[in-house]
Amino acid sequence: MQFASLPRLLPQLFFVLLILAAHLRIQAQAQSGTADPSLERQVKAAYLVKFAGFVEWPDGSFVRPDSPLLIGVMGADALAEQLERSVAGHSANGHPLQVKKLKKGEQPGQLHMLFVGALDKASLQDVLAATRSQPLLTVSDSEEAHALGSIVNFLLADERLRFEVALKPAAAARIRISARMLSAAYRVAPGAI
């Protein structure tokens, strides 16, 4: 590794270290019986920022080569606030990251990524049906949302926050998820690529 490339790698290294440190804290909290929801939000926000750099959207998904990559959050206002702090000054593949809070029932519009939080089943079905076949990475933190078609789902496994990926809805959305992200996933559900 050349030392000249080190400054470019520092933001990526920072997020990897942040996620690792948070995992260790979550594991320690799980063993002691305490839970810190703000820590879990920090880890989810860090993951969402990292996901943006490991996904390729189809041609035409961005108006210009430097258009922002829009991350929507619905049903998780505290996560949206944490994510706004996490994306400040960051970009993915030349696109500055921006966060948009969505109200229940609001259409995703021109988003590139959507985190769907605590919603009732009917709302989950409506949101995921509205996003189906759009070039949109959908992320959830419930098995119910994942079963209804979200592409990425956060879960607690081995006392750590992990994520699983469903390839079939990713293929329907015409987005490509890098092999590096897939190798980091706890579980990958097969499907057409």
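Keep in mind that what you see is a predicted model, and the values were worked out from it rather than measured.

Chemist: Please clarify how the environment of Gly-149 should be interpreted in this entry.
Modeler: The topology assignment puts Gly-149 in the loop between α5 (143-147) and β7 (152-157). The partly exposed category is assigned to Gly-149, whose relative accessible area is 25%. When sequence neighbours within four positions are dropped, the list of residues in contact with Gly-149 reads Leu-128, Thr-138 and Pro-169.

Chemist: Sorry, what's going on with helix α4 (residues 121-131) here?
Modeler: Residue pairs three or four apart in sequence face the same way in an α-helix, which turns once every 3.6 residues. Along α4, the positions that sit buried rather than exposed are Ser-123, Leu-124, Val-127, Leu-128 and Thr-131. Mapping the buried residues of α4 onto a view down its axis gives an arc of 120°, with all of them on the same face. On its buried side, α4 packs onto β2 (69-74), β5 (113-116), β6 (137-140) and α5. At the C-terminal side of α4, Ser-133 shows a positive phi close to 70°.

Chemist: How do you make sense of unusual backbone geometry when you look at a structure like this?
Modeler: For Asn-93, which is not glycine, the phi torsion reads 55° and is therefore positive. Tracing the backbone through its elements, the reader meets Asn-93 in the loop between β3 (91-92) and β4 (95-102). With relative accessibility at 55%, the residue Asn-93 sits in the exposed group. Of note, Arg-174 is a non-glycine position whose phi angle comes to about 65°, a positive value. Note that Arg-174 resides in the loop between α6 (167-172) and β9 (176-177). You can call Arg-174 partly exposed: its relative accessible area is 45%.

Chemist: Teacher, can you tell me more about helix α3 (residues 77-87) here?
Modeler: Of all the positions in α3, only Leu-79, Ala-80, Gln-82, Leu-83, Ser-86 and Val-87 are classed as buried. Looking straight down α3, one finds that the buried residues subtend no more than 165° of arc, so they occupy a single side.

Chemist: Before we go on, may I ask you to explain the pattern of salt bridges in this structure?
Modeler: Tallying each qualifying case throughout the model produces 8 salt bridges. Of the charged contacts, one joins Asp-141 and Lys-44 as a salt bridge, the two residues approaching to 2.8 Å between their closest N and O atoms. Taken as a pair, Asp-141 in the loop between β6 and α5 and Lys-44 in helix α2 (residues 37-53) lie far apart in primary sequence, 97 residues in all. We classify Asp-141 as partly exposed; its relative accessible area is 32%. One salt bridge in this structure joins Glu-81 and Lys-101, with 3.6 Å as the shortest N-O distance. One end of the pair, Glu-81, is in helix α3; the other, Lys-101, is in strand β4, with 20 residues separating them in the sequence.

What counts as what
Residues numbered from 1 in each chain as written. Predicted model: local features only at pLDDT ≥ 70, side-chain atom pairs only at ≥ 80, totals over all residues. Heavy atoms only, no water. Helix = DSSP H or I, 4+ residues; strand = E, 2+ residues; numbered from the N terminus. Buried < 20%, exposed > 50% of the residue type's maximum accessible area, 1.4 Å probe, protein only. Contact = heavy atoms within 4.5 Å. Arc of directions from axis to C-beta. Salt bridge = Lys/Arg side-chain N within 4 Å of Asp/Glu carboxyl O.

Function cannot be read off these values alone, since they describe shape.
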